[in-house]
Amino acid sequence: MALLRTENVTKAFGALTAVNGVSLEVEAGSLHSIIGPNGAGKTTLFNLFTGQLTPTSGRIVFDGRDITGTPSHRVAHLGIARSFQRTNVFPALSLLDNVWIAAFARRGSWRGFAWRRADRYPEVTERALAALRDVGLQDRANQLAREISHGEQRQLELAIALAAAPRLLLLDEPAAGLSPDETQRMVALVRGLKGRYTIVLIEHKMDIIMGVSDRVSVMHFGSLIAEGTPAEIQRNADVQRAYLGGVVVE
Amino acid sequence: MSRAWLAVFAAVILLPLAVRHAIASEIWIFAIFGLGLNLLLGYTGLLSFGQSTFFGSAGYVSGYLLKHYGINVFAALGIGVLVGAVSAALVGYLCVQRSGLYFIMLTFALNQMFYFIAYQWTTVTGGEDGMPGIGRPVLLGVDFRQPLAYYIFVALLFLVSLWVMKRIVESPLGKILQAIRENEVRAQAVGYDGARLKLLAFVIGGAFSGLAGVLYAMLFGIVPLEAIGFVFSGNVVFATLIGGSGSLYGPIVGSFVFIWLSESVSVVWARWPLLLGVAFVIVVIFFRGGCVEAWARFWSWRERRRMATRLAS
Ligand SMILES: Nc1ncnc2c1ncn2[C@@H]1O[C@H](COP(=O)(O)OP(=O)(O)OP(=O)(O)O)[C@@H](O)[C@H]1O
Ligand SMILES: [Mg+2]
């Protein structure tokens, strides 16, 4: 069954149609990748999924529920978590607090939230620490987010999404700006998450995608131009053209 | 009990021995005012330039009821807290959608609006002359007209306020507000309604301002028009920045410095705001975290030196 489904989703910024009639189905439990050259509209699509932006037309359905235009803080409560392409953490807070905040948001109950001491929520702290462990940052829990390296901030970015115990995990170029070594580690990390979460992964490096994806959708100038298994995509002539036609070569 | 609380208790006990009781009371009242502002300024990252709106409104309403109906002290305080919270909800509702300079200007503009209402509505507020004749009632046989009795009352309420604020900033809400300050987009993305939580910070801050406003009215027996004016709003921002907006205790230190300067130095030197300006410039250039940060840096410097001499020998 499709956990996430979009029907003809379009987003226009004035004259620019960043996302153009995209219809997509993400199967529960799968890792579905979206690839495409710079400016193809991948991040915009995520912004539409999570309510940062409202589509110009079309529908977005999550788990049988229409979430088109639902504000982002509500979408989060439904169980959609995302990581950002450009690192988007809480710089002056400790790593633990960064993930703690995300874990607390998904608690369901707000009882005592302005009065009970934060350290009296052991289950939230436990989930936060587990998220840091998942990305290998457990030893730095008390450091501030602005003090760690760029690579580690990318890991934290992922941990914040994981701490929400999401039903759908949206990862926007988790390896952006990483060195080859760090990229390898990040790929291994994402591979480790596969099966535990339903994942939509944006990436524009083909080689990363091919090894981990169950399905791949290709975006070009706002539209989906192909969809299939990694092997099918690799053979597809349109995709070859989109990637090698001078738009971007990684 | 932490060192900070010991220092606060010591200050509460020693202060009336060092300065006039009225000044001592004013310091704690101003500190309560600062605690409320700092939830917005330090924790949520919202520079509200209109805190006297809540301070003054509470002072006028409770002052009026005390003066004309002789209501109970606790009722006056409760009503003041309520008026502070409600007026802050009103102002906050209009402001939290904006950001940056627009936000600051709007808090300021709304403050001006309340000021002109108070200025014009002379039958109730007394306009420029203020609202005099506010008594301090007798409660449970204690006569609060005694300066020391009133000081103790104020100091106790300050301690309660500090404890309440400490609970708030150490609760999940405290973390969430800091997250909103650090990165509102991400805070929204993980599930927090930024506007509503900022509004909540406003309401809590307004409640503290309201409490301070009533205590101030009872201290001086009058609500002067300045109590709702922009200079007052600026003063509490000033004091909090000097004390250190990055810490729960910053506004308390700031209140000490500010009231002490304004009450003591102003007597001997009319240009005292100049001194305040100098203090402010020093803070902005060298110690963005105010006195509290300066103090922490001094200690770590001493610690390092001690370490160095021990290593050398
Ligand atoms: N808020 C916005 N307002 C106006 N234009 C926008 C906005 N967001 C994105 N765009 C434009 O929409 C197009 C798609 O951008 P988007 O960020 O979705 O691409 P992308 O596929 O994520 O690219 P990249 O691989 O570089 O991250 C771009 O031309 C971009 O400039
Ligand atoms: Mg992108």
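Residues numbered from 1 in each chain as written. Chains lettered and ligands numbered in written order. Predicted model: local features only at pLDDT ≥ 70, side-chain atom pairs only at ≥ 80, totals over all residues. Heavy atoms only, no water.

Draft legend 1. Spatial organisation of the domain arrangement of chain A. Residues and elements named next belong to chain A. Looking at chain A, the domain boundaries give domain 1 (1-79 + 166-250) and domain 2 (89-164). The straight-line distance from the C-alpha centre of domain 1 to that of domain 2 is 25 Å. Buried surface at the junction of domain 1 and domain 2, both sides included, amounts to about 1200 Å², of which 61% is carbon and sulfur. For the pair domain 1 and domain 2, the number of links is 1 salt bridge. Between Arg196 and Asp134 there is a salt bridge; the shortest N-O distance is 3.0 Å. Taken together, domain 1 and domain 2 are joined by 6 residue pairs in polar contact (both at pLDDT 80 or more). Of all the secondary structure elements, the ones that give two or more residues to the side of domain 1 that touches domain 2 are α2 (72-78), β7 (168-172) and α6 (180-193). Among the elements that line the side of domain 1 that touches domain 2, the one with the most residues is α6, at 4 residues. (Domains from an automatic or database assignment. Buried area = accessible area lost by both parts, 1.4 Å probe. Salt bridge = Lys/Arg side-chain N within 4 Å of Asp/Glu carboxyl O. Polar contact = N/O pair within 3.5 Å; in protein donor to acceptor, adjacent residues only side chain to side chain. Helix = DSSP H or I, 4+ residues; strand = E, 2+ residues; numbered from the N terminus.)

Draft legend 2. Spotlight on the sheet that holds strand β1 (residues 2-13) of chain A. All names here are of chain A. Within the open sheet, the 4 strands sit side by side as β2-β1-β4-β5. Their pairing is antiparallel. Strands at the two margins of the open sheet, each flanked by one partner only, are β2 (16-27) and β5 (65-66). Note that strand β4 (residues 57-62) and β5 share 2 bridges and pair antiparallel. Within β5, the position partnered with Phe62 by the bridge is Arg65. Helix α1 (residues 42-49) rests against β1, β2 and β4 of the sheet, and its axis sits at about 65° to β2. (Pairing = 2+ DSSP bridges. Contact = heavy atoms within 4.5 Å. Axes fitted to C-alpha atoms, helices over the stretch in contact; angles between N-to-C directions.)

Draft legend 3. Structural context of the confidence of the model for chain A. Per-residue pLDDT for chain A averages 91, and the proportion of residues at 70 or more is 97%. Here residues 246-250 of chain A is modelled with pLDDT under 50, and outside its nearest four sequence neighbours on either side it reaches 9 contacts, counting other chains as well. (pLDDT = per-residue confidence, 0-100.)

Draft legend 4. Just the coordination of the magnesium ion (ligand 2), in detail. Residue and element names in this part refer to chain A. Each protein donor to the magnesium ion (ligand 2) is listed here as Thr43 (OG1) and Gln85 (OE1); together their distances run 1.9 to 2.1 Å. Of this pair, Thr43 sits in helix α1 while Gln85 sits in the loop between β6 (80-83) and α3 (95-105), placing them 42 residues apart in sequence. Taking relative accessible area as the criterion, Thr43 reaches 25% and is therefore assigned partly exposed. Among the residues examined, Gln85 registers a relative accessible area of 29% and is labelled partly exposed. (Donors = N, O, S within 2.8 Å, 3.2 Å for Na, K, Ca; no water. Buried < 20%, exposed > 50% of the residue type's maximum accessible area, 1.4 Å probe, protein only.)

Draft legend 5. Molecular detail of the site of ligand 1. All names here are of chain A. Around ligand 1, a shell composed of 13 residues is seen, among which Asn38, Lys42, Thr43, Thr44 and Gln85 lie nearest. One of the side-chain nitrogen or oxygen atoms of Asn38 is found 2.8 Å away from an oxygen atom of ligand 1. A distance of 2.5 Å separates an oxygen atom of ligand 1 from a polar side-chain atom of Thr44. Relative to its free-state accessible area of 640 Å², ligand 1 is covered by the protein chains to the extent of 62%. Of the residues forming the shell around ligand 1, the biggest block, 3 residues, is contributed by α1. Considering only residue class, the shell around ligand 1 consists of 4 nonpolar, 7 polar and 2 charged. (Near = heavy atom within 4 Å. Areas by Shrake-Rupley, 256 points an atom, 1.4 Å probe, with all protein chains shown as cover. Nonpolar A, V, L, I, M, F, W, Y, C, P; charged D, E, K, R; others polar.)

Draft legend 6. Structural detail: unusual backbone geometry. Residue and element names in this part refer to chain A. Of note in this structure, Asn8 is not a glycine but carries a positive phi near 55°. In this structure, Asn8 sits in strand β1. For Asn8, a relative accessible area of 49% puts it in the partly exposed group. A positive phi angle is found at Phe221, which is not glycine, with a value near 45°. Positionally, Phe221 belongs in the loop between β9 (215-220) and β10 (223-228).

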